[in-house]
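Coordinate inspection notes
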Amino acid sequence: MRLLAVHPSGLMYTRVFLTLEPLGLELVAGAARAAGHDVRIVDLQVEKPGRLWRLIDRWRPEAVCLGGNYLANVPEIIDLAKAIKARLPGCFVFVGGHSASFVAGDLLAHGAGAIDCVIKGEGEASVPLLLQAVRNGDALTSVPGAVSAAGEGPAPTFVESLDTIRPARDLLARRRRYFIGTLDPCASIEFARGCPWDCTFCSAWTFYGRSYRVASPQVIVEELARLREPGVFIVDDVAFVHARHGFEIGEAIQRRGIRKQYYLETRGDVLLRNMDVFRFWRELGLKIMFIGLEAIDEEGLRRFRKRIDLDRNMEALEAARSLGIAVAINLIADPSWDRERFETIRRWCLEIPEVVNLSVTTPYPGTEIWQTEERRLTSRDYRLFDIQHAVLPTTLPLPEFYAELVKTQQVLNTKHLGFAAARQTLGIAGKLLLRGQTNFLRMIWKFNSVFNPALQMADHARPVHYELPQRPDFAAVADKRALYVHRPAGRRGRTLDDATEQFVDATRSGAES
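Presented here is an overview of the structure given in this document. (Residues numbered from 1 in each chain as written. Predicted model: local features only at pLDDT ≥ 70, side-chain atom pairs only at ≥ 80, totals over all residues. Heavy atoms only, no water.)

Regarding the packing of aromatic side chains
Counted by the stated rule, this structure contains 16 aromatic pairs. Pairing Trp-205 with Tyr-484 gives two aromatic rings, centres 6.0 Å apart and planes at 80°, and the pair type is edge-to-face. Residue Trp-205 is located in helix α7 (residues 204-208), and its partner Tyr-484 is located in the loop between α19 (453-460) and α20 (498-506); the two are separated by 279 residues in the primary sequence. Judged by its relative accessible area of 14%, Tyr-484 falls in the buried class. Among the aromatic side chains, those forming a connected cluster through ring pairs are Phe-191, Phe-240, Tyr-262, Phe-278 and Trp-281. Over the ring of Phe-158 we find Arg-213; its NZ or CZ atom is 3.9 Å from the centre of that ring. (Phe/Tyr/Trp six-rings, centres within 6.5 Å; stacked < 30°, edge-to-face > 60°. Helix = DSSP H or I, 4+ residues; strand = E, 2+ residues; numbered from the N terminus. Buried < 20%, exposed > 50% of the residue type's maximum accessible area, 1.4 Å probe, protein only. Lys NZ or Arg CZ within 6 Å of the ring centre and 35° of its normal.)

Written out as structure tokens, the structure is:
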């Protein structure tokens, strides 16, 4: 079959800080191609819609897969599905991805017949089976994870091994447009999949059933060796949870003589526990790591179920400094913050050398706070669920909340991109320009045109055509079992040694699952 895979447009923060290659869609495309299908990819983050419609009209795909990793893209996905069906009525249109898995039924309802199926869970396992069913005229209810008007198929299944799936990177038309910060251009790669923790604001663990699986170092290094980009973003939810795995990958990289610059995400307690791994990776080219502190007080840490105290977080920042690794921090701005709280945050952030990013508390479907906070939503407009808009009641009037939020972001932006850092910033931009890379330079100048309180308020005034429906079965007590996409398999679902498993259990607060 001819399959066209489509990634929707970028979101508010991706227009400034990063644009990542659609690795999930590339992996699905790779799995479909390995099953004998003819595949194309269009990434609307970096490509104009004209290419999409030319392929629809001239190549005439038999199936179109729309990637639904981000909830804020849902309206665009629905409109694309309807437009594709109008131009190509016989085309089988389906949606997959992380966020789509949690709102599968809602997508079908919004699509009003334009969306033939939604795939829940890992697409690499189900999409080849789905395309086979479509080609043979078999019932979609036979496909694991498939949700359609005919009903729901068996529970989604995992791919047999992460070593067996390879991304179809060659299908991307504009690879040089992908970057994260100063890593420009930047490819993405996956070392491990899943998260064994259970933070209340996150849906990684509910999607993967608290599993944790790894790819073999040999396969990872072969993939790295094929990458042309000098920068690499390791997309694992928590990098180097398993120390031995991190060492084995690093040792294989060292033997091959691969030189890259790396960006990754991890937890402060993982960094402190596995300092030797991060020190080794600093020698290999680890340039910057992202650590989600989430809060700078014990109350906030408890709310987000981050069982690491503030002193340990500060110790982790000091440890990263001692290794010479730059750190970017995320803090979650709660709608309850008042002016004094924002000012406290600004003062604290200016006292530390790290880059600080603010996101807004957002109850996403699939998270525990969705179950507890859904009834308090002030908006159900999918487009506002992007961690940059407030969808819960704010203590300050909403325009003032946004004014304080953007003021804080501007202060932090100036701290790293202002006059004090101008020489270093211009030096980096100059080197990138010599290589023909302009993403980082554009990022510097776009901040004020994207992060603007008036624009954020205007977003709330847009006509709403699709919104999250209210659940009639609301329960005051969160039932975690209802959140899972992939069913949890307990200890046997995690590729962790006993010591690491004990460490995870000691640093999480939820019940065993």
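Here's the deal with empty space enclosed by the protein
Summary: where empty space remains is shown by rolling a probe the size of a single water molecule over the atoms. Tallied over the entire structure, the rule returns four cavities of 30 Å³ or more. Roughly 90 Å³ of internal volume is contained in the largest cavity. The wall of the largest cavity is formed by Leu-23, Leu-27, Leu-162, Ile-165, Arg-166, Pro-167, Arg-169, Ile-189, Glu-190, Ala-215 and Glu-223. Split into classes, the residues belonging to the lining of the largest cavity amount to seven nonpolar, no polar and four charged. Its volume calculated, the second largest cavity comes out at about 50 Å³. Lining the second largest cavity we find Phe-191, Ala-192, Tyr-212, Asp-236, Ala-239, Phe-240, Val-241, His-242, His-245 and Gly-246. (1 Å grid on protein atoms, 1.4 Å probe; cavity = no way out; pocket = protein on both sides within 12 Å on 5 of 7 lines; lining within 4 Å. Points joined across faces, edges and corners; volume = space filled by probe spheres on them. Nonpolar A, V, L, I, M, F, W, Y, C, P; charged D, E, K, R; others polar.)

Quick word on the nonpolar core
Taken as a class, soluble globular proteins show a tendency for nonpolar side chains to be buried jointly. Judged by nonpolar contacts, the single largest core of 73 residues is most densely connected at Leu-271, Phe-278 and Trp-281. In terms of residue count, helix α11 (residues 275-284) provides more of this core than any other element does, six residues in total. Apart from residues lying up to four places away in sequence, Trp-281 is in contact with Phe-191, Ile-234, Phe-240, Gly-246, Ile-249, Gly-250, Ile-253, Tyr-262 and Leu-286. One finds Val-95, Tyr-364, Leu-384 and Phe-385 within the second-largest nonpolar core, a separate group that totals 41 residues. (Core = buried A, V, L, I, M, F, W, Y, C linked by side-chain atoms within 4.5 Å. Contact = heavy atoms within 4.5 Å.)

Section: the pairing of strand β1 (residues 2-7)
Of all six residues in β1, five are buried, a share of seventy percent or more. Relative to strand β4 (residues 63-67), β1 is paired through four bridges, and the arrangement is parallel. Bridge pairing links Ala-5 to Cys-65 in β4. (Pairing = 2+ DSSP bridges.)

Let's talk about the sheet that holds strand β8 (residues 151-152)
Read across the open sheet, the seven strands follow the order β3-β1-β4-β5-β6-β7-β8; overall the sheet is mixed. Lying at the two open borders of the sheet, with one neighbouring strand each, are β3 (38-43) and β8. In this structure, strand β6 (residues 117-119) lies alongside strand β7 (residues 146-148), joined through two bridges in antiparallel fashion. Within β7, the residue paired with Val-118 across the bridge is Val-147. Its contacts with the sheet place helix α3 (residues 74-87) against β4 and β5 (92-96), and it is angled at close to 170° to β4. The sheet strands contacting helix α6 (residues 123-136) are β1, β4, β5 and β6, and the helix crosses β5 at an angle near 165°. (Axes fitted to C-alpha atoms, helices over the stretch in contact; angles between N-to-C directions.)

Structural notes on the side chain of Glu-26
Within the secondary structure, Glu-26 is located in helix α1 (residues 23-34). Apart from the residues lying within four places of it in its own chain, the contact partners of Glu-26 are Glu-21, Ile-41, Arg-166, Pro-167, Ala-168, Arg-169, Leu-172 and Arg-175.

Topic: the packing of helix α2 (residues 49-59) against α3
Two numbers describe how α2 lies on α3: the axes approach to 10 Å, and their chain directions differ by 30°. Judged on the interaxial angle alone, α3 and α2 are roughly parallel. For the crossing formed where α2 meets α3, the hand is right-handed. For the pair formed by α2 and α3, the contact residues are Leu-52, Trp-53, Ile-56 and Asp-57 on the first element and Leu-80, Ala-83, Ile-84 and Arg-87 on the second. Grouping the amino acids of the contact of α2 with α3 by side-chain chemistry returns six nonpolar, no polar and two charged. (Parallel < 35°, antiparallel > 145°, perpendicular 65-115°, else oblique. Left-handed = near helix turned anticlockwise from the far one by under 90°.)

Focus on the pattern of salt bridges
For the structure on display, the rule yields 39 salt bridges. Among the ionic pairs, Arg-226 bridges to Glu-223, the shortest N-O distance being 3.1 Å. In this pair, Arg-226 and Glu-223 both sit in helix α8 (residues 217-226), three residues apart, roughly one turn of the helix. On the accessibility criterion, Glu-223 (4% relative accessible area) is buried. The network of salt bridges with common partners includes Glu-21, Glu-26, Arg-166, Arg-169, Arg-175, Glu-223, Arg-226 and Glu-229. (Salt bridge = Lys/Arg side-chain N within 4 Å of Asp/Glu carboxyl O.)

Side note on α20
All of the buried residues along α20 are Thr-500, Glu-501, Phe-503 and Val-504. Looking down the long axis of α20, one finds its buried residues gathered within 160° of arc, a one-sided arrangement. Away from the buried face of α20 by more than 90 degrees, exposed residues Asp-498 and Gln-502 are located. On its buried side, α20 packs onto α10 (268-273). The backbone nitrogen of Ala-499 lies 3.3 Å from a side-chain oxygen of the residue at the head of α20, namely Asp-497. (Arc of directions from axis to C-beta. Polar contact = N/O pair within 3.5 Å; in protein donor to acceptor, adjacent residues only side chain to side chain.)

Some words on the packing of α3 against helix α5 (residues 104-111)
Taken N-terminus to C-terminus, the directions of α3 and α5 make an angle of 45°; their axes are 10 Å apart at the nearest point. With respect to their mutual orientation, α3 and α5 come out oblique. As for how α3 packs across α5, the hand of that crossing is right-handed. On the side of α3, the interface is formed by Val-74, Ile-78 and Lys-82, while α5 contributes Leu-107, His-110 and Gly-111. Class assignment of the residues belonging to the contact of α3 with α5 gives a composition of three nonpolar, two polar and one charged.

Focus: the environment of Pro-89
Turning to its location among the elements, Pro-89 is positioned in the loop between α3 and β5. For the pair Pro-89 and Ala-114, spaced 25 residues apart in sequence, the C-alpha separation works out to 8.9 Å.

A closer look at unusual backbone geometry
The amide bond that connects Asp-184 to the next residue, Pro-185, takes the cis arrangement and shows omega of 5°. Tracing the sequence through the fold places Pro-185 in the loop between β9 (179-180) and β10 (186-189). Located in the positive-phi region is Phe-240, a residue other than glycine, with phi close to 60°. Of note, Phe-240 is situated in the loop between β13 (231-234) and α9 (243-256). Using a relative accessible area of 4% as the deciding quantity, one classes Phe-240 as buried.

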